[in-house]
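One letter stands for each residue in the lines below.
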Amino acid sequence: MSKDSFDLYDREKALISEGSTLLESQDLKTLKPFAQRLFDGFVSLFNENQNLLRHSDRQEQRLVKLNQNLKAQTQELELKRQTQELLSQQLAKYLPPQIMSALLSGTYQSKVATQRKKLTVFFSDIRDFTATSDLLQPEALTEYLNEYFSEMTEIAMAHGATIDKYIGDAMMVFFGDPESKGHQEDAQACVLMAMAMQARMKELAVRWKNKGFENPFVIRIGINTGYCNVGNFGSDQRLSYTIIGGEVNLTQRLESHSDPGGILMSYETYCYVQDLVEVEERQPVKMKGIARDVKTFAVLGPKQIQTPKSVALNHQAGVNIDLDVSTLTPSERQQLAEQLRAVANQIS
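Residues numbered from 1 in each chain as written. Predicted model: local features only at pLDDT ≥ 70, side-chain atom pairs only at ≥ 80, totals over all residues. Heavy atoms only, no water.

Attention now moves to the side chain of E247. The topology assignment puts E247 in helix α7 (residues 246-257). When its relative accessible area of 16% is taken as the criterion, E247 is described as buried. Within the structure, E247 has its side chain in polar contact with the side chain of N224 (distance 2.7 Å). E247 has contacts with N224, T225, G226, Y227, C228 and R292, leaving out every residue within four places of it along the chain. (Helix = DSSP H or I, 4+ residues; strand = E, 2+ residues; numbered from the N terminus. Buried < 20%, exposed > 50% of the residue type's maximum accessible area, 1.4 Å probe, protein only. Polar contact = N/O pair within 3.5 Å; in protein donor to acceptor, adjacent residues only side chain to side chain. Contact = heavy atoms within 4.5 Å.)

Right, dumping it as structure tokens:
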């Protein structure tokens, strides 16, 4: 350590060293002045300690106050966070979830702008809704209608749909914006969603009848795939994220031609889902503004995959195997096929 370095106790150490020497000499003439210096040093040390203690107390009080302020600010920030979260949840009910998430993450611009994209559009409404609503009390109608929309919305969101709007008893959603998995995947997701909705409506019909709803809601569904204008429509003061175009109008027309409880789709959608569902071709639809007759197809249900009842293995070495696999599951059939291939390879 350097000789010039500062030592907080230099003064005290010097007194201790001096006192040891003087006490050994027992010289009263030198002890008395030393005692005075020792007393003065003690008083100085005592005063310094008191000053340090008061300073420490002041600092502790400042820390306590700062801690209280920090806790108050933390509570205020938490309250603001909860308020903003609640506000976001409320706003999310008025906006498609995909748009809401993009807005919160800062990846979506809230300005008047549209683009032309190929979308699969879905439109549904309730058959004879006006007549049905006249037979119900307003409270019951509101209950059943809200339950219907809640169930359908849950299915739509589970399949990745963008919910556009509710129009009275009608519902319009689409696939392909702001997120898309591809034209075919979007169309297939839409048709699967529609079949799930019709299946759910049958379950709801049983529940509603048990609650006294004599003529439960029955919906018709129309689906079409085509190019639409999609984006923010409106003004700088107010925007609406939606889609417009002839393909949207065609979807609504398909819905109006659909069977109650059925699904009617255009040829464009059918091309993407023909390996997925069984269909029945219906009468073409004529529509103002569309030069062609629109081919239509009613969805009968998911396509049944035919599986062989037996598997035959004929090998050139003269080994012939014919097995009944009608009772096996698909995974068991796959496992058996792999085993037979292994046997054939060994024979070769």
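After presenting the structure, the write-up continues.
Let us now look at the packing of aromatic side chains. Enumeration according to the criterion identifies 13 aromatic pairs in this entry. Measuring from ring centre to ring centre gives 5.4 Å for W208 and F217, while their planes differ by 75°; the resulting arrangement is edge-to-face. Like W208, the residue F217 is buried in the burial classification. Here the aromatic cluster, defined as three or more aromatic residues joined through ring pairs, consists of F129, Y144, Y148, F149, Y166, W208, F213 and F217. (Phe/Tyr/Trp six-rings, centres within 6.5 Å; stacked < 30°, edge-to-face > 60°.)

With that out of the way, let us pick up the nonpolar core. By size, the foremost hydrophobic cluster in this structure holds 41 residues, and its most contacted members are F122, Y148, M152, M193, F217, I223 and M265. Within the residue set of this core, elements represented by two or more residues are β1 (113-126), α5 (138-158), β3 (170-175), α6 (183-210), β4 (219-234), β6 (263-266), α8 (267-273) and β8 (290-302). Counting residues per element, this core draws most heavily on α6, which supplies 11 residues. Setting aside chain neighbours within four positions, we find Y148 in contact with S124, I126, D169, M201, W208, F217 and I219. Judged by nonpolar contacts, the second largest core, of 11 residues, contains F174, C228, I243 and V248. (Core = buried A, V, L, I, M, F, W, Y, C linked by side-chain atoms within 4.5 Å.)

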